[in-house]
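Residue-level structure breakdown
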Amino acid sequence: MAPDMAPPVTAPPVTGEVPRETPREAPRDLAALHGTEQTRTYPCNSCGAELHFDIKLQKLACAHCGAVHDLSVDLTQSAVEQDLRTALEALQNGRLHGQRSISAEHKEIVCQNCGGRSTFSGSLTAERCPYCATPIQRDDVHNAPDRLAVDGVVPFQIDAKSATSVIDEWINSRRFAPTEFKTYNRTGSFSSVYTAYFTYDADTEATYTGRRGDDYTVTVGSGDDERTETRTNWFPVSGVVTNSFDDITVFANDGFDRARVAKLEPWPTQTAKSYSPEFVAGHLCRTYDNDVEQCMGEATTKMEAEIDQTIRRDIGGDHQDVDSRSIDWRKMTYKHLLLPIWLLTVIYQDKPFQVYINGVTGEVQGARPWSKVKIIAAAVIILVVIIVLIVLLKSRKS
Ligand SMILES: [Zn+2]
Ligand SMILES: [Zn+2]
């Protein structure tokens with residue numbers, strides 16, 4: 001399918017709240033506690049426990065005995081671009097291009113409440129769904145299905161300790177925030193989640209026809225009525241412009257507040273490492289909800305806007321009309337990237353509220369509810385103070 005025929009991308013509602021269905025019953029047994037769901041993807045050489053990617057050390061570490069293991073991947077190897085047309089054909093034929101996104105050792109959690117899909121390796125450390133804070137149940141855990149391969153990952157740089165202090169500072173600077181935010185450790189979910197992105201590169205050549213308008217002024221009227229007027233000379237133009245696009249980034253997940261996630265940008269996509277499951281060991285990965293074809297519309301819209309700007313600059317003059325435009329899309333490539341987000345989800349009055357931290361820069365963006373109780377309490381205190389002052393003033397006068 002040609003990119004300019006991409007299906008329209010319907011943007012989810014921009015709101016601080018995440019749609020949520022009625023809460024489920026309390027779990028009977030947590031997946032987190034269920035032994036058979038565990039695998040040993042990266043066993044510790046010293047004690048056999050599961051290793052995780054330690055953000056501070058940027059190495060595999062054992063939480064059980066403290067041993068540290070070097071990554072086996074080449075850290076200088078960056079993510080490789082994939083041919084877009086090959087991937088689109090593979091998707092349309094119902095087969096993916098050879099590889100699996102997540103190795104066979106990975107499990108996928110499908111939240112029955114919000115539908116969010118995450119993968120993890122080894123033992124599951126999260127007890128609640130990171131997107132809606134509903135307890136994860138054993139039935140939610142499945143083998144990870146085939147998906148487009150992950151090409152690159154930008155590893156977390158903000159560790160749990162720093163993320164916690166960022167989130168605490170954010171909460172404490174929110175006046176009238178409900179107490180539920182301060183007790184997120186018990187009732188909410190705070191997780192390190194790799195979210196899914198597609199980035200697009202393209203070289204384009206656009207042929208256009210149109211009109212260029214050059215302004216000139218004339219003096220009209222005479223005597224007191226003499227004045228200058230601006231008029232425009234129009235003449236036909238045509239031409240060819242070329243553009244080169246690098247890493248046009250599209251967020252591939254639903255169930256997030258897209259406007260707020262967009263504010264976490266810019267992402268250092270150029271620093272993405274060639275994907276290895278070692279980088280995501282001990283962290284959750286949100287599986288993409290929209291594939292490389294579904295995300296393409298958003299990317300081509302951004303590119304077409306840029307191409308239009310280039311055409312207008314090429315026409316020059318004071319005014320430009322573009323009558324026709326034909327884009328030849330050349331050398332289109334993409335990368336499926338995992339980008340790191342610390343995600344806090346707090347339930348307040350049956351609605352989940354999410355706060356996001358960019359796992360590289362520490363930039364924080366979040367939704368917050370207002371606590372009616374706290375606002376009313378503050379109003380009552382102010383009212384009482386005013387009444388007391390009035391009474392005092394009156395008693396002085398009398
Ligand atoms: Zn160990
Ligand atoms: Zn959920």
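Just so you know, these numbers come straight off a predicted model, no measurement behind them.

Points about the nonpolar core
The biggest cluster of nonpolar side chains holds 82 residues, and the ones touching the most others in it are V153 and L338. With twelve residues, strand β13 (residues 319-348) is the largest single contributor of residues to this core. Contacts of V153, omitting those with residues within four sequence positions, involve Y194, A272, K273, Y275, F279, V280, L337 and L338.

Examining the pairing of strand β10 (residues 227-251)
Where a strand is regular, its side chains alternate between the two sheet faces. Pairing geometry for strand β9 (residues 189-220) and β10, over 23 bridges, is antiparallel. For D214, the partnering residue across the bridge sits in β10 and is N233.

Digging into the pairing of strand β6 (residues 117-120)
Taking every second residue as pointing to the same face, both faces of β6 are buried, with R117 and T119 on one and S118 and F120 on the other. The pairing of strand β5 (residues 107-110) with β6 spans four bridges and is classified as antiparallel. Residue pairing in the sheet places K107 in a bridge with F120 of β6. What sits between the antiparallel neighbours β5 and β6 is a turn of six residues, in which G115 has the positive phi angle 80°.

Brief notes about unusual backbone geometry
The linkage connecting E265 with the following residue, P266, adopts the cis geometry, with an omega of 5°. Along the chain, P266 turns up in the loop between α5 (258-262) and β11 (273-274). With a phi angle near 55°, Q58 is a residue other than glycine that sits in the positive phi range. Relative to the helices and strands, Q58 resides in the loop between β1 (51-54) and β2 (59-62). Classification of Q58 by C-beta neighbours within 10 Å gives partly exposed; the count is 15. Residue D350 is not a glycine yet carries a positive backbone phi of 70°. Following the sequence through the fold, D350 ends up in the loop between β13 and β14 (351-358).

Looking at the confidence of the model for the protein chain
Across the protein chain, pLDDT averages 85, with 87% of residues at or above 70. Note on residues 1-38: pLDDT under 50 across the span, and 69 contacts to partners over four residues away in sequence or across chains.

Quick notes on the sheet that holds strand β3 (residues 68-69)
Overall, antiparallel pairing links the three strands, which are arranged β1-β2-β3 in an open sheet. Each edge of the open sheet carries a strand with a single partner, namely β1 and β3. Relative to β2, β1 runs antiparallel, the two being bridged by four bridges. Each residue of the ladder has a partner; that of F53, found in β2, is L60.

Criteria and thresholds
Residues numbered from 1 in each chain as written. Chains lettered and ligands numbered in written order. Predicted model: local features only at pLDDT ≥ 70, side-chain atom pairs only at ≥ 80, totals over all residues. Core = buried A, V, L, I, M, F, W, Y, C linked by C-beta atoms within 7 Å. Buried ≥ 20, exposed ≤ 12 C-beta atoms within 10 Å, placed from the backbone. Helix = DSSP H or I, 4+ residues; strand = E, 2+ residues; numbered from the N terminus. Contact = placed C-beta atoms within 7 Å. Pairing = 2+ DSSP bridges. pLDDT = per-residue confidence, 0-100.

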